[in-house]
Amino acid sequence: MKSTLSTSRLDLATNSLDWVMGQTIKRSLSLKNAVEVDADAKDYIPEKPIETLYIHIPFCHTLCRFCSFHKIKFVEGIAREYFKALRKEIREVIAKGYTFNRVYIGGGTTTILEDELIKTIEMIKSITTVREVSCESDPIYFKEGNPHLLKGLVDRMSIGVQSFDDKILKASGRFEKFGSGLQQAEYVSRAIEVIPTVNLDMMYGFKVQTPESIAWDLEQTIRLSPDQITTYPLTIGIGKNRKKAGSLAGEPNELWPQFLAVKQALGDKYIMEFPWTFSRNFGQPVENKYVLDGEDCFGVGSGAFGRFGEQFNISSFDIPTYIERINAGHSGTCYTKPLEQKALIQHHLMMMMGHGVLDNQQFKAHTGKTLWQAFPLEMSYLHAAGAIKKQGSNYRTTTEGQFIALKMFSGFLAGMDYLREQARELPLSQQQDRELTESVLTCTN
Ligand SMILES: C[S@@+](CC[C@H](N)C(=O)[O-])C[C@H]1O[C@@H](n2cnc3c(N)ncnc32)[C@H](O)[C@@H]1O
Ligand code: SF4
């Protein structure tokens, strides 16, 4: 544990960082300058494959109190209509000439209709040459579903556990539907038997957690021997979800000792790829799994975001509108927004900080500027906070710096929440004037 002096200096540094990030998010991720896509506009098709085709499945069995991802409570009829429209959208995107290296199916809960998921992946594999398919699931699928049917179709499965501690499962609303920590451990071990690469999502920063309880939680996780572990700091966002998630969150200054507990618990058996992702593949280069890691990404489905180059794309967040748009032959993307170069390189700085080395040469090759030219204020701040140390012409991230990168990652998640919140309110000229027949459709968390 660090000295009080060092801890309070870090507190001050991270508190001011929180404030600056809040302001930056509001400014650079505002959708005020988003432009509705003209139905007749010509698509820009890059020559090279786009790294990821992101597919969003916005349905869940249960709506967890901390979560602000785009989802509604599962209704089978709507979900089937949705999958049908989704396959139509994917076929059209491929027919236009877009190509992709990998597919990431996120949610929500992608395994919620196993037959529809299988049909969708089989269709994609039959018309593309993608080399990797990742999905996200809740743990109950591995009790109630037939995961062996996903063999040969899904290469990587990310399962949300969050905690094996029943207190946290109950507080977040996950105990009732997904079972106790002990039961979930059993379902996860079934997943590990059939899926080539399994990631477990764990969370910390909840009110009832302590460094000791986190160490216990991660001990249970390591026992299952997943290939990867993602440890998310509970993010309370800056919008409407703030109240719900905030009621579950501990004090901000508790996060630093908890981060140290995470590092220590996983340090022996897992490699820290980023301060929020750990991998069991010793010595192997690990392809990073988090879809929004700065690489180009094309989003399909309701509530999907995509980014290529300096353009940010947004699909309809209203599920019936999305289905109508696709069935009427329109594109799923309904708004675009130009991204500031500054926001893009700030993302790059977060990834470099998280990765552990700020490589001046690589950065210059990428942006045309040195780190100090691009980030005079940020570099002075990181230096003064003891977050980076000079190493030759580069900088190495210290443990304090890793923590700051983690806070930046949390800021990035909050930024995505902010985008989702604004995107839900965007008017659509193609949206039909009708009442939503099922109140459940507005039941996003
Ligand atoms: C969108 S969910 C999909 C996984 C699956 N539906 C499940 O929960 O079992 C992906 C992960 O995001 C993380 N997450 C959701 N809300 C979060 C929040 N407010 N702060 C940090 N992480 C969050 C959780 O760890 C969750 O497993
Ligand atoms: S964390 Fe909960 S609400 Fe969010 S996507 Fe997963 S199951 Fe759904």
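The preceding data block contains the structure.
Residues numbered from 1 in each chain as written. Chains lettered and ligands numbered in written order. Predicted model: local features only at pLDDT ≥ 70, side-chain atom pairs only at ≥ 80, totals over all residues. Heavy atoms only, no water.

Novice: Before we move on, can you summarise the site of ligand 2 with the specific residues and values?
Specialist: Around ligand 2, the neighbouring residues are C60, T62, L63, C64, F66, C67, K71, G108 and R174. Tallied by class, the residues present in the shell around ligand 2 amount to five nonpolar, two polar and two charged. (Near = heavy atom within 4 Å. Nonpolar A, V, L, I, M, F, W, Y, C, P; charged D, E, K, R; others polar.)

Novice: Tell me what's going on with the packing of aromatic side chains, and back it up with residues and numbers.
Specialist: Going through the model one piece at a time under the given rule, you end up with 17 aromatic pairs. Both rings, one in F259 and one in F403, keep their centres 5.9 Å apart while their planes meet at 40°; by these two values the pair is tilted. Of this pair, F259 sits in helix α10 (residues 255-267) while F403 sits in helix α16 (residues 399-424), and the two are 144 residues apart along the sequence. Taking the centre distance of 6.4 Å and the plane angle of 25° together, the rings of F409 and F412 count as stacked. With F409 and F412 both in helix α16 and three residues apart, this pair spans about one turn of that helix. For F409, a relative accessible area of 1% puts it in the buried group. (Phe/Tyr/Trp six-rings, centres within 6.5 Å; stacked < 30°, edge-to-face > 60°. Helix = DSSP H or I, 4+ residues; strand = E, 2+ residues; numbered from the N terminus. Buried < 20%, exposed > 50% of the residue type's maximum accessible area, 1.4 Å probe, protein only.)

Novice: Help me get a handle on helix α8 (residues 211-224), residues and values and all.
Specialist: The end-to-end C-alpha distance of α8, which contains 14 residues, comes to 20 Å, matching closely the 20 Å that a straight helix rising 1.5 Å per residue would cover. Turning to α8, its buried residues number three or more, namely I214, D217, L218, Q220, T221, I222 and L224. Those residues of α8 that are buried are in contact with β7 (156-162), α7 (181-194), β8 (197-204), β9 (228-233) and α10. (Expected span 1.5 Å × (residues − 1). Contact = heavy atoms within 4.5 Å.)

Novice: Residue-level account of the pattern of salt bridges, with values.
Specialist: Within the structure shown, the criterion is met by 14 salt bridges. A salt bridge links K88 to E92, with the nearest nitrogen and oxygen atoms 2.9 Å apart. Here K88 pairs with E92, and both are found in helix α2 (residues 76-96), just four residues apart, close to one helical turn. The class for K88 is partly exposed, based on a relative accessible area of 24%. Among the salt bridges present, the one from E219 reaches R223, with a minimum N-O distance of 3.8 Å. (Salt bridge = Lys/Arg side-chain N within 4 Å of Asp/Glu carboxyl O.)

Novice: With reference to specific residues and values, describe the environment of K84.
Specialist: Along the chain, K84 turns up in helix α2. By relative accessible area, which is 54% here, K84 ends up exposed. A sequence separation of 35 residues divides K84 from K119, and the C-alpha atoms of the two residues are 9.7 Å apart.

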